[in-house]
Amino acid sequence: EAEVAQSPRYKITEKSQAVAFWCDPISGHATLYWYRQILGQGPELLVQFQDESVVDDSQLPKDRFSAERLKGVDSTLKIQPAELGDSAMYLCASSLEASSPLHFGNGTRLTVT
Amino acid sequence: AQSVTQLDSHVSVSEGTPVLLRCNYSSSYSPSLFWYVQHPNKGLQLLLKYTSAATLVKGINGFEAEFKKSETSFHLTKPSAHMSDAAEYFCVVSVGQAGTALIFGKGTTLSVSS
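Conventions adopted
- Residues numbered from 1 in each chain as written.
- Chains lettered and ligands numbered in written order.
- Predicted model: local features only at pLDDT ≥ 70, side-chain atom pairs only at ≥ 80, totals over all residues.
- Heavy atoms only, no water.
- Contact = heavy atoms within 4.5 Å.
- Salt bridge = Lys/Arg side-chain N within 4 Å of Asp/Glu carboxyl O.
- Polar contact = N/O pair within 3.5 Å; in protein donor to acceptor, adjacent residues only side chain to side chain.
- Helix = DSSP H or I, 4+ residues; strand = E, 2+ residues; numbered from the N terminus.
- Nonpolar A, V, L, I, M, F, W, Y, C, P; charged D, E, K, R; others polar.
- Disulfide = S-S within 2.5 Å.
- Buried < 20%, exposed > 50% of the residue type's maximum accessible area, 1.4 Å probe, protein only.

Counting residues at the interface gives 17 residues for chain B and 22 residues for chain A. Between the two partners, chain B and chain A, sit 0 salt bridges. On inspection of chain B and its partner chain A, the count reaches 4 residue pairs in polar contact (both at pLDDT 80 or more). At the level of secondary structure, the elements contributing two or more residues to the side of chain B that touches chain A comprise strand E5 (32-38) and strand E6 (44-50) of chain B. By residue number, the principal contributor to the side of chain B that touches chain A is E6 of chain B, which donates 3 residues. Of the residues in the side of chain B that touches chain A, the class split is 8 nonpolar, 6 polar and 3 charged.

Right, here's the structure in full:
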């Protein structure tokens, strides 16, 4: 079964440094999501793409976070500068279309020291 | 506004006994509801989905959930727990409009003892 690929699996960075995460969705999936999951909580949506366009980034802290999906396929989420409170699991998900079930990757666990 | 409330943060059962994970939802629209499971250090996996068809929804691994509009509930059940069911379970709501993503509950940790 096709999977959503994410890298790196783990990332440790010092505060004030820049960090980037990469996601490759299932082939043909037009909708891509980035979620943040703080330990002990449910995932929270950061940004949603439809093809290369941002559909919803209302919860993305735009002063430090950015996301792009230039060719409408893979996507990169960047944090600059990282803060201690950014330590979390960052999950990427994709779906065939916006109303379809989401398929999640295994996530990138970020630790900011 | 759409939201879900998972009524128990932690549920413990013995292997072979029934599982009940409770979820109430709030939605201004006819909701789509989901249950996802997350095993340690793994991504989330869809267990089942309700989208206004049959109110009793069957999912993978023997799980099922019943949509009760009068109670605004979507509880997850399984007749007999297995050790491999131990995981974090999330109740999720979607408004169902195109371009609207999922809103997750805080999760219920299911522990299964032998």
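All names here are of chain A. Throughout the structure, instances matching the rule amount to 2 disulfides over all chains. The partner cysteine of cysteine 23 in its disulfide is cysteine 92, sulfur to sulfur 1.9 Å. As the torsion about the S-S bond is roughly -70°, the cysteine 23-cysteine 92 disulfide counts as left-handed. Residue cysteine 23 is located in strand E3 (residues 19-24), and its partner cysteine 92 is located in strand E9 (residues 88-95); the two are separated by 69 residues in the primary sequence. For the pair shown, cysteine 23 and cysteine 92 are each scored as buried.

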